[in-house]
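# Results of the structural survey
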Amino acid sequence: MEVGSLPVELWRVILAYLPLPDLGRCCQVCRAWRELIFSLDNTRWKQLCLGCPECRHPNWPSQPHLEPASWREALKQHALATRTWTQNGSDLQSSACLLFFHRRKDRRIWHVGPGCEFETLRGALGAVGPYDRVVLHPGVYEEQAEVALKVPVELVGLGQLGEVALLVCIEQQCTTARLCNLVFMPPWFSTVVYKTSRGHVQLDNCNFEGAQLQVRGPGTCQARFCSFSQGSSAHLLGVVLSLLDSCDFAGSDTASVTVEGPPVSERNWACKHLAALARTLPPCSVYGPNNSSPTNPGSTGGHQLSGNNKKEHVSIEDWQRKIGIHAVCHGTVIEDGWSDGERSEGEEENRGEGGTKNTKNPFTLDYKISYDHHGLSHLLKPRPNGSLPQTCSPDPCILRRCLFREGKGGVHLSNYGQARLEGSVFRGLHYAVRCIQNATIVMLRNEVCECRASGVFLRLSAQGLIAENNIHSNGEAGLDIRKGADPIILCNRIHSGLRSGVVVLGNGKGSIRSNQIYNNKEAGVYILFSGNPVVSGNHIFQGQAAGIAINENGRGMITENVIRENQWGGVDIRRGGDPILRDNHICYGYSDGMVVGERGRGLIEGNYVYCNKGCGVWVMSSSLPQLLGNYITHNCMYGLAVFCRKDPENIEAREGNWPGQEGIGGEGGSGERRGVEGEGREGQENLNEEGELFAWESDLDSEDERHSARRSISVALVESNYISYNGAVGLYMKSSEPLNVFANLINRNHGTGIAVLQSSQLTRLVTNCILENGRGGVTVEKDCRVELRGNGIYENCGPGVSFTGNGQIVENDVVGNRGYGIQVSGNADIKVLRNRVQPAQGCGIAVLGPVKGVVYDNLLFQGHPGNKKTLIHLDPGNDGCVLRNNSILRHDNSLTSAPPWILENPPPRPLASPPSGLSSSQYPSRLGISMTTRISATVESGCHSGSMFCCIL
């Protein structure tokens with residue numbers, strides 16, 4: 001009969017009455033019939049799949065509302081899985097007499113129940129032969145002693161699930177067995193209802209109520225569509241390979257699944273079949289960061305972080321005005337759509353036009369976090385034959401598509417145990433996964449949420465891979481790593497936690513790479529008590545506290561992260577924290593970009609700190625950081641601020657009442673910092689697991705060992721940084737401890753370039769370029785001890801150097817500043833030696849008041865010829881300051897044009913070129929320093945009172 005003779009719809013109605021064997025025969029008629037049978041996927045195949053009493057919905061229990069890709073394929077996989085237990089056919093025997101033990105092909109069916117062949121389960125098991133089927137009719141079957149399975153057998157409950165209940169303790173002593181459609185409840189003498197130590201057991205569509213399943217290696221287990229409730233659990237001890245697929249675990253008093261001990265060396269017959277089955281099962285549901293979810297961060301804050309790249313063209317001038325540096329960092333790209341408040345009309349107009357009108361030098365910004373190359377999808381991509389690559393070789397215990405809910409624990413691994421969790425859901429537990437004592441865990445594409453404590457807990461040298469999971473809304477940390485644990489945390493979404501996203505402490509290690517960590521109530525990554533992870537390539541944003549906090553002797557290598565829009569500091573280091581921070585983007589924070597608090601340390605190198613509402617970097621004077629080669633730009637307050645440990649005047653500023661951008665006032669204090677410190681103390685109390693005491697003293701490394709590979713310093717160091725375009729002072733210092741400031745470019749800040757308001761110890765400002773700041777170049781208040789040596793101070797909008805403290809000003813070039821070149825006043829005790837000074841207007845060197853000291857060997861150049869002020873001014877009543885061997889060069893009015901004065905012997909002090917126009921790959925590890933070649937003072941021909949200018953060539 002031809003298919004085309006009837007409408008397809010009518011064929012589908014007719015074929016809907018065929019049983020499964022007849023559908024299979026119809027598929028073999030011809031290609032047209034085969035395609036017709038396949039087209040019944042959402043009708044007849046769905047009916048057959050859901051009508052099978054041994055098989056529940058293919059996506060049960062975690063996603064029963066989602067239909068599978070193919071109902072026919074789901075039924076096929078079920079049929080293949082149900083036959084696994086029978087695939088231990090006899091191997092070739094060396095003796096003919098062993099043929100007696102071959103499996104019989106004529107399987108018998110035995111019925112158990114009232115009025116049947118057997119009324120008790122024990123009686124039926126005493127009579128069955130190998131591979132027979134025992135059908136239990138509805139009822140409750142109770143045994144007063146342990147029942148042994150001595151031959152391979154299949155136990156099947158008749159009717160709906162729940163109509164057949166077993167109150168028994170079964171010990172399997174045979175090679176294989178299958179149990180289907182049964183409810184297990186513990187007998188009076190034991191909570192263990194089924195145990196095996198050598199054979200293979202297959203459990204299909206069974207319920208365990210208050211009971212325990214126990215499997216010991218080399219025994220194996222395959223459980224499908226089973227429910228473990230009312231405190232039920234599965235214990236896998238030294239298993240070689242077991243597969244738990246689509247199981248529901250609820251209400252456990254301890255861990256729902258316990259995996260203990262290393263796999264035994266011996267393997268049973270089922271291992272190769274389970275391994276093949278694990279590789280051919282359809283892929284699990286994905287909860288990874290690249291898939292849509294109700295909690296996709298693309299819906300938080302309007303920043304789309306996945307999908308196709310979105311590009312926007314803007315002009316280089318507009319971009320430099322906005323953030324001042326390039327936003328590209330080794331494949332990690334941030335958005336350009338952050339806004340502080342409402343947009344102006346001009347900005348809205350430009351936005352509506354798709355960019356700015358000036359596109360002379362356009363460039364492209366990507367709107368995507370580029371971590372896809374770290375993904376694991378290539379490991380799970382099936383081969384043409386449907387199998388998975390060999391790199392996906394199964395772990396001893398595999399849990400797929402399971403649901404863990406409303407209990408104490410999900411999965412517990414200990415004592416070198418190994419497990420693989422894939423596509424499962426952990427919800428409403430005390431903890432989801434606990435991996436300890438050298439155990440190894442692989443977690444792929446799971447959802448971990450609403451745990452009362454930490455979601456995933458690793459300690460005591462545990463390790464493994466945790467990748468592409470959605471970990472959110474947990475009561476403690478999303479991941480808790482401690483006591484030497486060393487996992488790989490890769491491409492996860494860790495968000496919306498009531499505490500931190502990831503906590504690493506107690507000598508915990510790990511590689512935390514390419515994750516999205518956002519909207520956590522405390523720090524996105526919290527490192528303390530000698531925790532020492534590698535944190536790289538992550539996107540840490542919109543947290544309600546710090547982005548990354550390093551506290552209590554925490555360490556770590558923190559590189560190439562994007563840390564943005566956090567409520568507190570993007571990075572917070574204090575109380576012995578000693579990390580390495582390199583090449584991170586720390587931006588758009590609602591407080592300071594980076595905070596180095598009390599006793600903070602660390603190597604902070606090559607970071608991009610910009611567009612934060614507070615300071616770029618906030619440093620407490622009792623800390624010893626090394627800030628090398630950082631780009632600190634466009635922050636609303638100071639670029640770099642160094643404060644005393646106690647500064648009650650500034651609590652208001654720390655609480656968010658930012659001062660105006662004019663003047664030096666409004667320095668930061670300690671109000672918000674106390675919140676960070678409180679977080680550390682509270683976190684220490686709550687990070688105890690089940691009340692165990694911390695014994696960190698035995699875990700802490702010695703200081704010598706910790707810093708053996710680090711450049712040791714005894715004074716905080718600020719070297720080769722680019723501090724520009726900040727809303728107040730570039731470098732603001734109100735400190736009680738020494739500070740070394742070497743070879744920095746400090747330019748175009750709204751306030752003074754460098755302001756030293758308090759410095760009881762020596763502050764050294766050496767070989768810096770202080771250029772075009774909104775106020776003076778360097779301001780030093782009274783009672784401060786400061787050394788200025790070898791600096792280039794050019795074209796600032798106030799005095800080049802205003803000095804009322806004690807110290808020395810040696811070998812600086814102070815050129816083109818408005819007002820005085822160098823102004824010394826008050827009761828200062830100072831040496832001004834071998835400087836080269838050319839003011840734009842006013843005196844070159846002015847000594848005002850009762851200053852003590854010497855002004856020797858300075859070279860002064862006249863600026864505007866019309867400036868009649870003396871280049872060196874000393875108050876007449878001053879008898880404590882000595883002027884000697886100072887040289888003054890004035891314009892020769894007899895010449896129609898003035899030749900340029902050349903700075904030579906030595907060459908000019910450093911002028912650091914702004915890095916605009918460079919891509920991130922071109923950024924130098926140290927700022928490139930170019931030298932001023934000359935000072936020119938030209939006069940318009942024939943007019944000595946005409947326009948004058950001082951330029952740096």
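Everything in this summary refers to the structure shown in the same document.

Cut-off values and rules
- Residues numbered from 1 in each chain as written.
- Predicted model: local features only at pLDDT ≥ 70, side-chain atom pairs only at ≥ 80, totals over all residues.
- Heavy atoms only, no water.
- Helix = DSSP H or I, 4+ residues; strand = E, 2+ residues; numbered from the N terminus.
- Buried < 20%, exposed > 50% of the residue type's maximum accessible area, 1.4 Å probe, protein only.
- Areas by Shrake-Rupley, 256 points an atom, 1.4 Å probe, with all protein chains shown as cover.
- Core = buried A, V, L, I, M, F, W, Y, C linked by side-chain atoms within 4.5 Å.
- Contact = heavy atoms within 4.5 Å.
- Salt bridge = Lys/Arg side-chain N within 4 Å of Asp/Glu carboxyl O.
- Pairing = 2+ DSSP bridges.
- Axes fitted to C-alpha atoms, helices over the stretch in contact; angles between N-to-C directions.
- Parallel < 35°, antiparallel > 145°, perpendicular 65-115°, else oblique.
- Nonpolar A, V, L, I, M, F, W, Y, C, P; charged D, E, K, R; others polar.
- Phe/Tyr/Trp six-rings, centres within 6.5 Å; stacked < 30°, edge-to-face > 60°.
- Polar contact = N/O pair within 3.5 Å; in protein donor to acceptor, adjacent residues only side chain to side chain.
- Patch = residues over 30% accessible without salt bridge, like charges linked within 9 Å, V, L, I, M, F, W, Y side chains within 5 Å.
- Arc of directions from axis to C-beta.
- Disulfide = S-S within 2.5 Å.

Each helix and strand in the chain was counted, giving 13 helices and 83 strands. In the chain, which comprises 953 residues, the share counted as buried stands at 58%. A total accessible area of about 37600 Å² is found for the chain, and carbon and sulfur atoms account for 50% of it.

Grouped together as the largest cluster of nonpolar side chains are 134 residues, with contacts concentrated most on Leu-136 and Val-257. Among all residues touching Leu-136, those that are not within four sequence positions of it are Val-112, Leu-121, Tyr-141, Leu-155, Val-156, Gly-157, Leu-158, Val-164, Leu-166 and Leu-182.

Quick look at unusual backbone geometry now. Residue Pro-218 follows Gly-217 across a cis peptide bond; omega there is 5 degrees. Relative to the helices and strands, Pro-218 is located in the loop between strand 13 (212-216) and strand 14 (220-224). Even without glycine at this site, His-634 takes up a positive phi of about 55 degrees. Its location among the elements puts His-634 in the loop between strand 55 (631-633) and strand 56 (640-643). Phi at Arg-748 takes a positive value of approximately 55 degrees, unusual for a residue other than glycine. Mapped onto the elements, Arg-748 comes out in the loop between strand 61 (745-747) and strand 62 (754-759). Arg-748 gets classed as partly exposed once you look at its relative accessible area, which sits at 39%.

Attention now moves to the pattern of salt bridges. Using the criterion set out here, one finds 26 salt bridges in the structure. Measuring nitrogen to oxygen at the nearest pair gives 3.2 Å for the salt bridge that ties Arg-133 to Glu-154. Highlighted residues: Arg-133 in strand 2 (residues 132-136) and Glu-154 in strand 5 (residues 153-157), separated in sequence by 21 residues. By relative accessible area, which is 26% here, Arg-133 ends up partly exposed. Taking the shortest distance from any N to any O, the salt bridge between Glu-772 and Arg-748 comes out at 2.7 Å. Taken together, the residues span a long stretch of sequence, with Glu-772 in the loop between strand 64 (769-771) and strand 65 (778-780) and Arg-748 in the loop between strand 61 and strand 62 at a distance of 24 residues. Three or more residues are tied together by salt bridges with common partners; here these are Arg-133, Glu-154, Arg-178, Asp-204 and Arg-224.

As judged from the five bridges shared by strand 33 (residues 463-467) and strand 36 (residues 486-490), these two strands associate in the parallel manner. By the bridge assignment, Leu-465 is partnered in strand 36 with Ile-488. Two elements, strand 36 and strand 39 (residues 511-513), share three bridges in a ladder whose sense is parallel. Across the sheet, residue Ile-488 finds its bridge partner in strand 39, namely Ser-511.

So, about the packing of helix 1 (residues 8-15) against helix 3 (residues 31-38). Two elements in contact, helix 1 and helix 3, have axes separated by 10 Å at closest approach and are oriented at 75 degrees. In terms of orientation, helix 1 lies roughly perpendicular with respect to helix 3. On helix 3, the residues that touch Val-8, Trp-11 and Leu-15 of helix 1 are Trp-33, Leu-36 and Ile-37. When the residues that make up the contact of helix 1 with helix 3 are grouped by side-chain class, the tally is six nonpolar, no polar and no charged.

One pair of aromatic rings is described through two measures. These are the centre distance and the angle between the planes. Inspection of the entire model under this criterion finds 15 aromatic pairs. Where Tyr-631 meets Tyr-722, the ring centres are 5.8 Å apart and the plane angle is 75 degrees; that geometry is what we call edge-to-face. With Tyr-631 in strand 55 and Tyr-722 in strand 58 (residues 722-724), this pair connects stretches of sequence that are 91 residues apart. By relative accessible area, Tyr-631 is classed as buried at 1%. We classify Tyr-722 as buried; its relative accessible area is 2%. Summarising the aromatic geometry, the rings of Tyr-638 and Tyr-732 are spaced 4.4 Å apart at their centres and angled 20 degrees between planes, so their arrangement reads as stacked.

Once that is clear, we can look at the pairing of strand 59 (residues 731-735). Taking burial as the measure, the five residues of strand 59 include five buried ones, the bulk of the element. Burial along strand 59 is two-sided: the face carrying Leu-731, Met-733 and Ser-735 and the face carrying Tyr-732 and Lys-734 are both buried. Pairing between strand 56 and strand 59: four bridges, direction parallel. If you follow Val-642 over to strand 59, its bridge partner there is Met-733.

Looking now at the environment of His-111. Relative to the elements of secondary structure, His-111 occurs in strand 1 (residues 109-112). In this structure the C-alpha to C-alpha distance between His-111 and Val-156, which are 45 residues apart in sequence, comes to 9.7 Å. With near-sequence residues (within four places) excluded, His-111 lies in contact with Cys-116, Glu-117, Phe-118, Val-135 and His-137. A distance of 3.0 Å separates polar atoms of two side chains, one belonging to His-111 and the other to His-137.

Quick look at the side chain of Asn-858 now. Considering the arrangement of structural elements, one finds Asn-858 in the loop between strand 75 (852-856) and strand 76 (859-861). At a separation of 2.9 Å, a polar atom in the side chain of Asn-858 contacts the main-chain amide nitrogen of Asn-835. Setting aside residues up to four positions removed in sequence, Asn-858 forms contacts with Val-832, Leu-833, Arg-834, Asn-835, Ile-845, Asn-885, Asn-886 and Ser-887.

What follows deals with the side chain of Ser-802. For Ser-802, the position within the fold is in strand 68 (residues 801-803). Beyond its immediate sequence surroundings of up to four residues, Ser-802 is in contact with Val-778, Thr-779, Val-780 and Gln-823.

Take a nonpolar patch on the surface next. The grouping of Leu-10, Val-13, Ile-14 and Tyr-17 at the surface amounts to a nonpolar patch, some 420 Å² of accessible area in total. As for its position among the elements, Val-13 is in helix 1.

Turning next to the packing of helix 2 (residues 20-27) against helix 3. Remark: helix 2 packs on helix 3, axes separated minimally by 7 Å, with the N-to-C direction vectors making an angle of 140 degrees. Here helix 3 runs oblique to helix 2, going by the angle between their axes. On helix 3, the residues touching Leu-23, Cys-26 and Cys-27 of helix 2 are Trp-33, Arg-34, Ile-37 and Phe-38. Grouping the constituent residues of the contact of helix 2 with helix 3 by class yields six nonpolar, no polar and one charged.

Within helix 3 the residues assigned to the buried category are Trp-33, Leu-36 and Ile-37. End-on, the buried residues of helix 3 take up no more than an arc of 95 degrees, which puts them together on one face. For helix 3, exposure combined with an orientation more than 90 degrees from the buried face picks out Arg-31 and Glu-35.

What follows concerns the state of the cysteines. By the definition in use, this model includes zero disulfides. Left without a disulfide partner, Cys-587 is nearest to the cysteine sulfur of Cys-611, which lies 7.3 Å away.

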